[in-house]
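# Topology and contacts: notes
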Amino acid sequence: MANKILSADSRTRSSVSIFIVVGLCCFFYILGAWQRSGFGKGDSIAVEITKSGADCNILSNLNFETHHGGESVTTDDSETESKPVVFKPCSSKYIDYTPCQHQKRAMTFPRQNMVYRERHCPAENEKLRCLIPAPEGYVTPFPWPKSRDYVPYANAPYKSLTVEKAVQNWIQYEGNVFRFPGGGTQFPHGADAYINQLASVIPIDNGTVRTALDTGCGVASWGAYLLKKNVIAMSFAPRDNHEAQVQFALERGVPAIIGVLGTIKLPYPSRAFDMAHCSRCLIPWGANDGIYMMEVDRVLRPGGYWVLSGPPINWKNNYKAWLRPKEELQEEQRKIEDIARLLCWEKKYEQGEIAIWQKAVNAGACSGRQGDAQATFCKSEETENVWYKKMEPCISPYPDVNSPDDPDFNSPDEVSGGKLMPFPERLYAVPPRIASGSIPGVSVETYLEDNRLWKKHVNAYKKINKIIDSGRYRNIMDMNAGLGGFAAALESPKLWVMNVVPTIAEKNTLGAVYERGLIGIYHDWCEAFSTYPRTYDLIHAHGVFSLYKDKCDPVDVLLEMDRILRPEGAVIFRDEVDVLIKVKKIVGGMRWDTKLVDHEDGPLVTEKILVAVKQYWVAAAKNSTSSQ
């Protein structure tokens, strides 16, 4: 009898055990499915919040706020498995070091055609592997729009422009700040009136013109004031005797890079800009068979505008004021007019010292030049191949448009390459290069899905760092921009994004980025970027270190990121977890505070997010450093 009871008990316990096991399996299956569905996102953040009781929208051990006085953020050493290599500060003489535009190296190159002002990067054994310090007294720039008009003196302590350009109203020194009244060489009384004069001819006010190129930009006041009209300018100027002009532009919160129109093509795609501008930029437009105007033509959209302000325009009335021989100015303008006709640009305006031309909308509008012996055309594939490629005296061909026999033909005014919507509608409209299938591997469906994905990613970033779109971060860089989805999801008057398309990227998408009304540049991250130190508030690196695996040393890429990132600036890495673990270890020796976060779809996704904040520290006396 006892044996029967024991046997029944045993069967009962077995049944219960089986029931419990099956129940647990079902529970964990449902839990896993829930996490993968997207509703279980942010689990690792939740663990941290449970431990600390902190605000659920921000990581507890990272401080994204700025501290103008220079207090350093706390460091989380609890997760350090092994001590990383510690990178020492560079000498204070490198405070404004620009590796590929280093003055001493530049002077070893020919001055003809501005070759010495082009990019000349250090050899492997010449690279600095140390941390570029901020100047003593450095503070976070003022928020936009105050930053347009004021820059802290300590951040760029150079007064030479206040003397050189005093009459032209570029910049004034007032106590512990520089003030920018909005003047320029051609608009000493302010950029607003000058821009309004341009707007009487160019459709600047209605969103038709969105992207602009400013060649020889000075302190970028033209670009700064265009932002009021929702026009974003890519400004560039060389690192030359006009000390720190591009640095001032970026401190003001205005897009700019160090660059020059010399012998190398500009690092932009063809048909990128709605408007190009030169205000006494000292570029010899009529020289070298018109090669500089041909390069502007390459990057100017069909129907786009070119503004030339200053000599030699209207030389008959101005040659005495310019103190130049009228014969010389006459010949200079004649050459410019001849090249403009060859390029099929129609002059729309000439008054005072300003002239405006408009590029034809398609090749059919300028068929007469086909028989011109001077009209040499570039190969179409060469118009997009620009990285370190020499400019050639040839005309970039227009993309094909429908012929009059095509049932889809609209009119002779059809825009070659496709007409763009006015901004902001064009931000999410399908770019013509994608609609026409011009980018292999990118379809309309791919583009729409990419937009959906980046809206989701950016929403996740805002939960990690709740001040990301508060105005705290003005100058933002996307190191691997793709189709520009990250920048589009962040679009706001409070910020701008430099969309970088790596030269080794599988797909050349920068043209589509511009067709969305965004700006960007080609770059190879094995080299230094064309900017001053401390010029970006937030850097986004999606898949950068997977892309450059075995291409160059990740240490060099991270040190370059540190160089261009402001003290207390933030970085968001998105990559495979094994890649991010290596990155986290390297930056552990760079005075960055970091936290590894799960993908927004939960911990089972191998792609993770690494967020970082650069600590505040500055150069101090005798090349020591201080975090005070």
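Residues numbered from 1 in each chain as written. Predicted model: local features only at pLDDT ≥ 70, side-chain atom pairs only at ≥ 80, totals over all residues. Heavy atoms only, no water.

The terminal C-alpha atoms of helix 11 (residues 326–342), which comprises 17 residues, lie 24 Å apart, in line with the 24 Å expected from a rise of 1.5 Å per residue. Those residues of helix 11 hidden inside the fold are in contact with helix 9 (291–299), strand 8 (300–309), helix 10 (315–322), strand 9 (345–351) and strand 10 (354–359). Cys344 occupies a position one or two residues after helix 11 and carries a positive phi of about 65°. (Helix = DSSP H or I, 4+ residues; strand = E, 2+ residues; numbered from the N terminus. Expected span 1.5 Å × (residues − 1). Contact = heavy atoms within 4.5 Å.)

Taken as a whole and assessed by the stated rule, the structure comprises five disulfides. In this model Cys90 forms its disulfide with Cys130; the gap between the sulfur atoms is 2.0 Å. Because the sign of the S-S torsion sets the handedness, a value of about 105° for the bond joining Cys90 and Cys130 places this disulfide among the right-handed ones. Of this pair, Cys90 sits in the loop between helix 2 (43–52) and helix 3 (103–106) while Cys130 sits in the loop between helix 3 and helix 4 (146–149), placing them 40 residues apart in sequence. At a sulfur-sulfur separation of 2.0 Å, the disulfide partner of Cys378 is Cys394. Residues Cys378 and Cys394 are joined by a disulfide whose S-S torsion is about 100°; by sign, that bridge is right-handed. Pair noted here: Cys378 is in the loop between strand 10 and helix 12 (432–435) and Cys394 is in the loop between strand 10 and helix 12, with a separation of 16 residues, a long-range link. As far as burial versus exposure is concerned, Cys378 and Cys394 are alike and both buried. If one numbers only the bonded cysteines of the chain, in the order they occur, the disulfide pattern is 1-4, 2-3, 5-6, 7-8, 9-10. (Disulfide = S-S within 2.5 Å. Buried < 20%, exposed > 50% of the residue type's maximum accessible area, 1.4 Å probe, protein only.)

Summed over all chains, the structure comprises 37 salt bridges. Notably, a salt bridge pairs Lys229 with Asp205, separated by 2.7 Å at the nearest N-O pair. Remark: Asp205 occurs in the loop between helix 6 (191–199) and strand 4 (211–215) and Lys229 occurs in the loop between helix 7 (221–226) and strand 5 (232–237); sequence separation between them is 24 residues. Note on Asp205: relative accessible area 53%, which makes it exposed. Between Lys507 and Glu506 there is a salt bridge; the shortest N-O distance is 4.0 Å. By relative accessible area, Lys507 is classed as partly exposed at 29%. Salt bridges sharing common partners tie together Glu124, Lys127, Arg129 and Asp556. (Salt bridge = Lys/Arg side-chain N within 4 Å of Asp/Glu carboxyl O.)

This next bit is on the nonpolar core. Side chains of nonpolar character tend, in soluble globular proteins, to be buried together. Counting 137 residues, the largest nonpolar core has Trp222, Tyr268, Trp285, Trp306, Met561 and Phe573 as its most contacted members. Grouped together as the second largest cluster of nonpolar side chains are 11 residues, Ala156, Trp170, Val219 and Ala244 included. (Core = buried A, V, L, I, M, F, W, Y, C linked by side-chain atoms within 4.5 Å.)

Let's shift gears to the side chain of Asp524. With respect to the element layout, Asp524 can be found in the loop between strand 13 (519–523) and strand 14 (536–542). The charged side chain of Asp524 is buried without a salt bridge, its nearest counter-charge being Arg119 at 7.7 Å. Within polar-contact distance, the side chain of Asp524 engages the backbone nitrogen of Cys526 at 3.0 Å. In contact with Asp524, other than residues within four places in its own chain, are Trp387, Thr503 and Tyr548. (Lys, Arg positive; Asp, Glu negative; His and termini not counted. Polar contact = N/O pair within 3.5 Å; in protein donor to acceptor, adjacent residues only side chain to side chain.)

If you walk through the whole model with that rule in mind, you get 20 aromatic pairs. Ring centres of Trp496 and Tyr536 lie 5.8 Å apart, and the angle between their planes is 65°; this geometry places the pair in the edge-to-face category. Here Trp496 is found in strand 12 (residues 496–502), whereas its partner Tyr536 is found in strand 14, with 40 residues between them in sequence. Residue Tyr536 is classed as buried on the basis of its relative accessible area of 0%. Over the aromatic face of Tyr428 sits the side chain of Lys455, whose NZ or CZ is 4.5 Å from the ring centroid. The aromatic ring of Tyr428 is capped on one face by Arg516, whose charged end is 5.3 Å from the ring centroid. (Phe/Tyr/Trp six-rings, centres within 6.5 Å; stacked < 30°, edge-to-face > 60°. Lys NZ or Arg CZ within 6 Å of the ring centre and 35° of its normal.)

Buried within helix 18 (residues 577–587) we find Val579, Leu580, Val583, Ile586 and Val587. Down the axis of helix 18, the buried side of the element spans an arc of 120°, and every buried residue falls inside it. Against helix 16 (544–547), helix 17 (554–564), strand 15 (565–576), strand 16 (592–597) and strand 17 (607–614) lie the buried residues of helix 18. (Arc of directions from axis to C-beta.)

Burial within strand 16 is extensive, with five of its six residues counted as buried. Examined bridge by bridge, strand 16 and strand 17 share six bridges and lie antiparallel to one another. Along strand 17, the bridge assignment pairs Val597 with Ile609. (Pairing = 2+ DSSP bridges.)

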